[in-house]
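Results of the structural survey
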Amino acid sequence: MVEVTTSVWATGQQPSRVQRKGRYVPESMRHPGKMLPSIAARVIETYTGPGELVVDPMCGIGTTLVEAAHLGRHAAGVEYEERWARLAVANLSHAKKRGASGFGRVVAGDSRHIARLLPDLVGRAALVLTSPPYGAATHGHIRSTRDTGEPGVRKWNQRYSADRANLAHQRLPQLLEGFGRILAGCVGLLRQGGVAAITVRPYRVRGELIDLPGHVHHLAEEAGLVFVDRIVCLLCGLDDGHLLNRTSFFQLHEARKGWARGLPIHAIAHEDLLVLRKPPAASAEPLVSSDGRTEVGTLPRGDQ
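Residues numbered from 1 in each chain as written. Predicted model: local features only at pLDDT ≥ 70, side-chain atom pairs only at ≥ 80, totals over all residues. Heavy atoms only, no water.

If you tally the helices and strands in the protein, you get nine helices and 14 strands. Looking at the protein residue by residue over its 304 residues, the buried ones come to 50%. A total accessible area of about 14600 Å² is found for the protein, and carbon and sulfur atoms account for 52% of it. (Helix = DSSP H or I, 4+ residues; strand = E, 2+ residues; numbered from the N terminus. Buried < 20%, exposed > 50% of the residue type's maximum accessible area, 1.4 Å probe, protein only. Areas by Shrake-Rupley, 256 points an atom, 1.4 Å probe, with all protein chains shown as cover.)

Below you can see the structure in the form of structure tokens.
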């Protein structure tokens with residue numbers, strides 16, 4: 001398959017809640033770090049064909065799996081937190097009721113051991129699509145003084161997990177080491193020439209910009225993947241030449257503080273999509289893609 005892609009994708013034309021309305025169970029909005037459905041769908045449509053297998057080693061509430069199923073692909077996901085894994089199962093069941101023709105499987109477990117969790121899928125995935133965590137907490141949902149008229153900021157749905165073993169709780173070096181192990185395991189699941197697509201953005205800690213895309217690019221190449229492309233997936237909307245701001249309150253607050261200190265800090269309005277390939281073997285035998293016999297709703301407990 002030859003891909004012809006543009007360098008910028010307008011994936012933020014609608015807010016996340018609008019993209020999910022009716023397509024996902026309402027409880028899905030509780031997850032603080034969801035991939036935009038429009039990004040997942042565009043990646044899957046670009047880099048796979050109908051009936052092929054898509055894997056997400058950190059699947060959360062199952063965005064990758066649901067969009068794959070709606071596009072007639074088959075999917076498997078691993079999620080460390082059982083509450084999110086159960087929501088992923090619920091979303092796959094919901095997709096099936098809405099006519100999705102693909103099948104999905106969810107395993108609750110630690111994707112640092114993904115080859116043990118999905119041993120039947122080694123060498124069969126056409127695409128691995130995922131995103132690393134950005135920390136134990138994100139901006140989640142907020143109501144500021146401007147919204148409520150009351151002093152202070154109220155936050156909810158901002159935590160991934162209370163489990164200290166979750167990668168989201170680790171400092172950057174430990175997070176990168178763990179994510180590198182996950183990528184290395186995913187290479188084994190990919191067929192020869194298969195694609196790994198990783199959505200990732202830089203973020204700020206106490207005003208300092210952390211180049212997470214650069215770190216992840218390095219980790220992926222260390223795992224044996226070959227860099228193919230970098231695509232900008234917009235989180236803002238476009239309307240008649242103007243940007244529709246969807247930046248969070250806290251990003252804007254960070255930017256305003258920076259400008260007050262004389263630092264020209266701008267809010268981040270995109271995800272980097274890093275596209276890499278598993279190199280083809282010199283004399284590879286044809287590999288079979290997913291047979292679709294996985295069942296919606298399975299939730300075995302994996303190794304941790």
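Having seen the model, we can carry on.
Core analysis: the largest hydrophobic core is formed by 37 residues, its most contacted members being V43, Y47, V106, L127, L129 and L273. Secondary structure elements with two or more residues in this core: α2 (37-47), α3 (63-70), α4 (82-97), β4 (104-108), β5 (125-130), β8 (190-200), β11 (226-234) and β14 (270-277). Among the elements that take part in this core, α4 stands out by supplying seven residues, more than any other. (Core = buried A, V, L, I, M, F, W, Y, C linked by side-chain atoms within 4.5 Å.)

On average, residues of the protein score 83 in pLDDT, and 79% of them reach the 70 mark or higher. Within the model, the stretch residues 136-142 combines pLDDT values under 50 with 32 contacts to residues more than four positions away or in other chains. Across residues 283-304, confidence stays below pLDDT 50; counting only partners more than four residues off in sequence or on other chains, it has 52 contacts. (pLDDT = per-residue confidence, 0-100. Contact = heavy atoms within 4.5 Å.)

Taken in spatial order, the eight strands make up an open sheet running β1-β11-β14-β8-β5-β2-β3-β4, and their pairing is mixed. With partners counted over all chains shown, the strands left at the sheet margins are β1 (8-9) and β4, one partner each. Where β1 and β11 come together, two bridges link them in parallel fashion. Opposite W9, over in β11, you have C233 as the bridge partner. Lying over the sheet, helix α7 (residues 172-189) contacts β2 (53-56), β5 and β8, oriented at roughly 150 degrees with respect to β8. (Pairing = 2+ DSSP bridges. Axes fitted to C-alpha atoms, helices over the stretch in contact; angles between N-to-C directions.)

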